[in-house]
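These are the residues of each chain, in order.
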Amino acid sequence: MLYAMTSIGRRTWGWISVILLALIFSCWIISQLLTQDGTAPTKAWNFWQEDKYFWKMLPVHHPPQQIRRLPTGPLVQYPKIQRTFKPEDPSSRQIREKRQSAIKYTFVKCWTSYKRYAWREDELSPVSGGRRNIFGGWSATLVDALDTMWIMGLKDEFKEAVDAATQIDFTKTDMEKINLFETNIRYLGGFLSAYDLSGDVRLLRKAVEVGEMLYKAFDTPNRMPIGRWDIHSAIRGEKQVAVPVSAAEIGTLSLEFTRLSQITGNSKWFDAIQRITDVMADQQNSTALPGLWPTQLNPEKLVFNNGSEFTLGADEDSLYEYLLKMALLTGGRIPKYQIMYEMAVEAAVKHLIFRPMTPNRSDILISGTAHVNITPGSNNVTLEPRGQHLVCFLGGLIVMGSKLFSRPADLPIAEKLVDGCSWAYRAFSRGIMPEKFHIVPCPTKEPCEWHEEIWKQHVLKAAGKDSTGPAESIISSKRLPPGFTDIRDPVYILRPEAIESVFILYRATGRSDLPDAAWNMFTSINETTSTDLANSAIRDVTISKNETPGLLDVMESFWLAETLKYFYLMFSEDFVINLDEYVFNTEAHPFKRLLQ
C-alpha cells in the first residue's frame, strides 16, 4: 500500500513538474514575442487582450471591407545616420557631463512641481502652481514624460509614474472634443515609446486602450478620421463624418499606428492610416504646388489637393516629417514613403527655402510660406519670407534624408537650415527665437550684400497702415534685429524644434561647434523661462534682459517630453538612443526600428 502511494505521488509530482516547466516555457516565449523588434504574432497578443474593453464593444457603423496586412519581406539596409565618435578626453567628458547634469536638474525640478501641484492632470501652471486640462484630462505631462525619465535614469520616478498611468481611464473626459493628433502623439506615442524602452507590458496595455479609442474616430463612411473629435457622440454610438482638417493633423498618425500594429501583430491600425497615405500619394502631384500639399485638406470628400497656401511650418510640419520616418519604421518595405519624401523635399527647396539678407552675410537658410495664384490660367508662386520656430525641425529631417537616401547634395542645405535657426536664437537679446517673424530675403539662395536702406523699405512695407513714422522708429519700437521686418508672434512656448535639429546634425556630423551652440540655447531658455516651480512660456523674446519677458504661466507637456530630452541627449554618449536603432515621433518619443 505504501509502495502504491509513493508511486502515485511520484507520478503526480512528475506531471506537476512537466506542467510547471511548460508554463514557464510558454511565458518565456510570450515575453519574447511581446518585446521583440518587429511584428509580434497575433496569438501572443491575444494571450491577454481584453475583448470587453469599452472602446472595442461600441457598435461599428462602417467596418472596413478588408484589413491590409503589415508588409513583410527583406528590409532595406539603409546607410547609417550617426557618425562614429572618437573617445573623448577627460576634460571634454567633464564639461559634457556637467551640462547634462544641469539639464537633468531642470527636468527633476519641473517634474517635482508637477507631482506636487498638478499630479495626474494634463499640465502644471508653473507660475501660480495651478493646473489645466486641455488634452482630455488624462495626465498628458505624466505620460509624455515617461520615456524622458527612463532615458535620464530616473527609474524610481518612472515606476511611480507608470503605476499612476495604469489608472488612467480613457473612457471618460470632461472635454467636449478631443484633438486626435495631440492625443495620438502624446498619449499613444508616449506609451509605445516607454514600452519599447522598458518592456513593461502595462504600458503596452495602455497603448492599446488609447489605440482602440482613436480607432473609433475612423468609423466614418470613407474610413477617414475626425481630427477634432466629438468623443461623447462616439461614446453614445452615434454615426460620425470626417470634417476638413489641417494637413498635419491627418498626416501625423502613421508612425504611432504602425508601431502599435507591429508590436501587437494586429494590422488594423496600420490599415487605417495607409488609407490616408494612399490618397495623399495619389494627389501629391496634382496640387497647385506639385510635391507639396496645401495647409487644409478635406477628408470627407477625399480632396487633398485643393488650396493655395503651402508651408513646412504650422499646419503641415509633421506630415512631411512622417514620410521619411515611416520609411525608417517599416524598414523600407513600403517604397512610396521615400518617393513621397523626395518629391516633397525637392519642391520645398525650389519654392519655400530662401536665404535671408543679414549684415554679415551669414551662410544660412530659412523656410518660408508659398502662396499660389490658383486663378484659371495663372500659376504664380509668391514666397512669403516668414520664419517659424516650428519649421526648425526641417534641418534635422533633411540631414537624415541625405544620409538614408544617399542624397549628399541635401546635406549642405540641411546644415544651413539648422544654422539659420541657431542664428535666429542669437539675433535676439534674450538669445531665444520667436514663434513667427518676417525677414528680408535675398534675390536668390546665394549670399547677398547687406543694404540697410532695403531693410528699412521692407520694414515700412511690413508696417503698412500701422506705420506712424520713419523706419527707425518702427525698428526701435518693435525691437527689430537687423534684417527682421516684423515679429509676427514674439512668444516662446518652450518649443523643441531648434535643439532637435542641432542634436540630429551633431549625431550625424560631429560638428565641433554644435555642443556650445546647444548649451547657449539651453542657458538662454532656462534663465529666461525659469520660475520658482518650473519653466514657463514667455510673452515676448524681444524684451531686453533688464525687463521682464512676461511669464504666461503655461508649461506644455512637450517641455519635458521633447525640449529637455533633446538637450539631455545632446550631451549624452552617442549610444544613448542611437539614431540607427530608434526613430522619433514628432513628440520626441523614440520607437524601435526594424533592424533584422
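Basis of the calculations
Residues numbered from 1 in each chain as written. Predicted model: local features only at pLDDT ≥ 70, side-chain atom pairs only at ≥ 80, totals over all residues. Heavy atoms only, no water. UniProt positions renumbered as here; feature names shortened; annotations may be inferred. Helix = DSSP H or I, 4+ residues; strand = E, 2+ residues; numbered from the N terminus. Rg over C-alpha atoms; globule rule 2.2 N^0.38 Å. Contact = heavy atoms within 4.5 Å. Areas by Shrake-Rupley, 256 points an atom, 1.4 Å probe, with all protein chains shown as cover. Disulfide = S-S within 2.5 Å. Buried < 20%, exposed > 50% of the residue type's maximum accessible area, 1.4 Å probe, protein only. 1 Å grid on protein atoms, 1.4 Å probe; cavity = no way out; pocket = protein on both sides within 12 Å on 5 of 7 lines; lining within 4 Å. Points joined across faces, edges and corners; volume = space filled by probe spheres on them. Nonpolar A, V, L, I, M, F, W, Y, C, P; charged D, E, K, R; others polar. Expected span 1.5 Å × (residues − 1). Arc of directions from axis to C-beta. Phe/Tyr/Trp six-rings, centres within 6.5 Å; stacked < 30°, edge-to-face > 60°. Core = buried A, V, L, I, M, F, W, Y, C linked by side-chain atoms within 4.5 Å. Axes fitted to C-alpha atoms, helices over the stretch in contact; angles between N-to-C directions. Left-handed = near helix turned anticlockwise from the far one by under 90°.

By the naming in an unreviewed UniProt entry, the protein goes by alpha-1,2-Mannosidase and is assigned to Pochonia chlamydosporia 170. For the protein, the Pathway (unreviewed entry) comment in UniProt is given as "Protein modification; protein glycosylation." Quoted verbatim from the Sequence similarities (unreviewed entry) field of UniProt, the annotation for the protein is "Belongs to the glycosyl hydrolase 47 family."

Secondary structure summary: the protein contains 22 helices and 16 strands in total. Expected size for 596 residues packed as a compact globule is a radius of gyration near 25 Å; at 26 Å, the protein falls within 12% of this value. If you take every contact in the protein between residues at least 6 apart in sequence, the share linking residues at least 24 apart comes to 72%. When the accessible area of the protein is evaluated, it comes to approximately 24900 Å², of which 54% is carbon and sulfur surface.

To continue, consider the state of the cysteines. Applying the stated rule across the entire model yields two disulfides. Across the disulfide from C392 sits C421; the S-S distance is 2.0 Å. An S-S torsion of about -105 degrees defines the bridge between C392 and C421 as left-handed. Of this pair, C392 sits in the loop between β12 (386–388) and α16 (393–404) while C421 sits in helix α17 (residues 410–426), placing them 29 residues apart in sequence. For the pair formed by C392 and C421, the shared burial category is buried.

Its place among the elements puts T528 in helix α21 (residues 514–529). On the basis of relative accessible area, T528 is assigned to the buried category, the value being 7%.

We now examine the layout of surface pockets. Considering only enclosed or pocket space, the largest pocket measures out at about 670 Å³ in volume. Lining the largest pocket are 24 residues; nearest its centre among them are F85, E88, S92, R96 and Y506. Of all elements in the fold, only α4 (90–118), α20 (497–509) and α22 (558–570) reach the threshold of two or more residues within the lining of the largest pocket. The dominant element in the lining of the largest pocket, judged by the number of residues it contributes, is α4, at six residues. Looking at the lining of the largest pocket residue by residue, the class counts come to eight nonpolar, five polar and 11 charged. Only α8 (180–198), α11 (247–251), α14 (317–329), α20 and α22 provide two or more residues apiece to the lining of the second largest pocket. Among the elements that make up the lining of the second largest pocket, the one with the highest residue count is α8 (four residues). Residues of the lining of the second largest pocket, tallied by class, amount to 10 nonpolar, four polar and 15 charged.

The terminal C-alpha atoms of helix α18 (residues 452–463) lie 17 Å apart, and with 12 residues this matches the ideal 16 Å at 1.5 Å per residue to within 8%. Listed in full, the buried residues belonging to α18 are W455, K456, V459 and A463. For α18, the angular spread of the buried residues around the axis is 95 degrees, confining them to a single face. Pointing more than 90 degrees away from the buried face of α18 are the exposed residues E453, Q457 and K461. On its buried side, α18 packs onto α19 (471–478) and β14 (484–489). With its phi angle positive at about 55 degrees, G464 sits one or two positions after the end of α18.

Moving on, we come to the packing of aromatic side chains. Within the structure shown, the criterion is met by 26 aromatic pairs. Measuring from centroid to centroid gives 5.8 Å for W138 and Y187, while their planes differ by 75 degrees, and the two rings are edge-to-face. Pair noted here: W138 is in the loop between β2 (131–132) and α5 (140–144) and Y187 is in helix α8, with a separation of 49 residues, a long-range link. W138 gets classed as buried once you look at its relative accessible area, which sits at 2%. With centroids separated by 6.3 Å and ring planes inclined at 90 degrees, the aromatic side chains of F503 and F584 adopt a geometry described as edge-to-face. Of this pair, F503 sits in helix α20 while F584 sits in strand β15 (residues 582–584), placing them 81 residues apart in sequence.

We now examine α21. A rise of 1.5 Å per residue sets the reference length of α21, with its 16 residues, at 22 Å; its end C-alpha atoms lie 22 Å apart and thus fit the reference within 8%. Here α21 has its buried residues at L514, P515, A518, M521, F522, S524, I525, N526, T528 and T529. In this structure, the buried side of α21 is in contact with α4, α17, α20 and α22.

Tracing the sequence through the fold places G387 in strand β12. Assessed through its relative accessible area of 0%, G387 is described here as buried. It is 19 Å that separates the C-alpha atoms of G387 and T586, two residues lying 199 residues apart in sequence. When neighbours within four sequence positions are excluded, G387 is seen to be in contact with I366, S367, E435, K436 and F437.

Here we take up the nonpolar core. With 182 residues, the main nonpolar core has L146, F191 and W229 as its most contacted residues. A total of 10 residues in this core trace back to one element, the largest contributor, which is α8. Non-local contacts of F191, meaning those with residues more than four positions away in its chain, are made with V143, L146, A165, I168, F170, L203, K206, A207 and V210.

Once that is clear, we can look at the packing of α8 against helix α12 (residues 254–264). The contact between α8 and α12 brings their axes to 10 Å, and the two run at 35 degrees. As α8 packs across α12, the resulting crossing turns out to be left-handed. Counting all contacts with α8, which are made through N184, I185, L188, G189, L192, Y195 and D196, the residues of α12 involved are E256, F257, R259, L260 and I263. Here the residues of the contact of α8 with α12 sort into seven nonpolar, two polar and three charged.

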